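Chains, contacts and geometry: an overview
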Amino acid sequence: MGAFELREVEFQNDGLTDSLTQSMSPALFHEALKREIATAKRDGRDLAILTIAQRPGDFASISEFQEGLIKVAFALEHGLRGGDFFARVSDGGFWALIRTSQSNGQLVLDRLDLPRHESLIIQIVARKYDEHSEWIERIDQLYF
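Sequence order as written defines the numbering, with residues in each chain counted from 1. In view of the model being predicted, local features appear only for residues whose pLDDT reaches at least 70, and side-chain atom pairs are presented and counted only at 80 or more, with totals across whole chains, interfaces and linings using the full set of residues. Side-chain measures here rest on the full set of heavy atoms in the structure, leaving out hydrogens and waters.

Let us look at the sheet that holds strand 3 (residues 93-98). Reading across from one edge, 2-3-1-4 is the order of the four strands in this open sheet, with antiparallel pairing throughout. Looking at the sheet topology across the chains shown, the edges are occupied by strand 2 (85-90) and strand 4 (120-126). For this sheet, the mean angle separating the axes of adjacent strands, direction not counted, is 20 degrees. In this sheet, strand 3 lies alongside strand 1 (residues 48-54) in antiparallel orientation, the contact comprising six bridges. Directly across from Ile49, in strand 3, lies its bridge partner Leu97. Only strands that DSSP links by at least two bridges are regarded as paired with each other. Secondary structure counts use DSSP, requiring at least four H or I residues in a row for a helix and at least two E residues in a row for a strand, with both numbered from the N terminus. To obtain an axis, a line is fitted to C-alpha atoms, over the contacting stretch when the element is a helix, and the angle between two such axes runs from 0 to 180 degrees between their N-to-C directions.

Looking now at the environment of Phe85. Within the secondary structure, Phe85 is located in strand 2. Look at Phe85 and you get buried, because its relative accessible area is 11%. Distance in space between the C-alpha atoms of Phe85 and Ser119 is 22 Å, their sequence separation being 34 residues. The residues contacting Phe85, other than those within four sequence positions of it, are Met24, Phe29, Ala32, Leu33, Glu36, Leu80, Trp95, Ala96 and Leu97. Relative accessible area decides the class of each residue, using a 1.4 Å probe on protein chains only: under 20% of the type maximum gives buried, over 50% gives exposed, and in between gives partly exposed. In what follows, residue pairs with any heavy atoms lying within 4.5 Å of each other are defined as contacts.

What follows concerns the packing of aromatic side chains. Pairing of aromatic rings covers Phe, Tyr and Trp, the last through its six-membered ring, and needs centres within 6.5 Å; plane angles under 30 degrees mean stacked, over 60 mean edge-to-face, and all others mean tilted. Applying the stated criterion across every chain, the model contains eight aromatic pairs. Judged by centre distance (5.4 Å) and plane angle (65 degrees), the rings of Phe29 and Phe85 are edge-to-face. Here the residue Phe29 occupies a position in helix 1 (residues 26-43), and Phe85 occupies one in strand 2, the gap between them amounting to 56 residues. Ring pairs connect the aromatic residues Phe29, Phe85, Trp95, Tyr143 and Phe144, which therefore count as one cluster.

Turning our attention to the nonpolar core. A general tendency of soluble globular proteins is for nonpolar side chains to be buried together. Here, nonpolar core refers to any group of buried Ala, Val, Leu, Ile, Met, Phe, Trp, Tyr and Cys residues whose side-chain atoms link them within 4.5 Å. Ranked by size, the top nonpolar core spans 24 residues in total, and within it Leu50, Leu76, Leu80 and Leu114 carry the most contacts. Counting residues per element, the ones that place at least two in this core are strand 1, helix 2 (62-79), strand 3, helix 3 (102-112) and strand 4. The element that contributes the greatest number of residues to this core is helix 2, accounting for six residues. In contact with Leu80, other than residues within four places in its own chain, are Ala75, Phe85, Phe86, Ala96, Ile98, Val108, Arg111 and Leu112. One finds Ala32, Leu33, Ala53 and Val89 within the second-largest nonpolar core, a separate group that totals 18 residues.

Below, the discussion takes up the side chain of Arg127. Mapped onto the elements, Arg127 comes out in the loop between strand 4 and helix 4 (132-143). Notably, Arg127 is buried but unbridged: the nearest opposite-charge side chain belongs to Glu131, and the N-O separation is 5.4 Å. In this structure Arg127 touches Ile37, Lys41, Leu47, Trp135 and Arg138, once residues within four positions along its chain are discounted. As used throughout, the charge tally considers Lys and Arg to be positive and Asp and Glu to be negative, leaving His and the chain termini uncounted. A pair is scored as a salt bridge if a Lys or Arg side-chain nitrogen falls within 4 Å of a carboxyl oxygen belonging to Asp or Glu.

Distances and angles like these do not, on their own, reveal function.
Dropping the structure here:
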């Protein structure tokens, strides 16, 4: 780990927005995700979640780490397509819902051109036929 403890990283929201990155709160993300799953099931559409976590040991200070989070949020905000959305779900990272298959998720990731890519742990997890709780459980096991 870097010269700081991960618990020192600012991770607060007002129920709507993350105070550091201005991204959607985790609660709003999960509400939107449940609606998106219902729509995808009706339409027979693929969904995937892109998980992005920064490696704390790759940053010299807490301020550099937090600046990295802000830059990733900016890249997501400006690189995701309409209908896709993201939230900061932990001290060190984000989940982004992308309306595509797991295999096409790599194309989305390439398009995003995330900053400090070498300091990020990134995974793409397709929904398949999971309901919300099953999908989140699978993602949690990989992410945390």
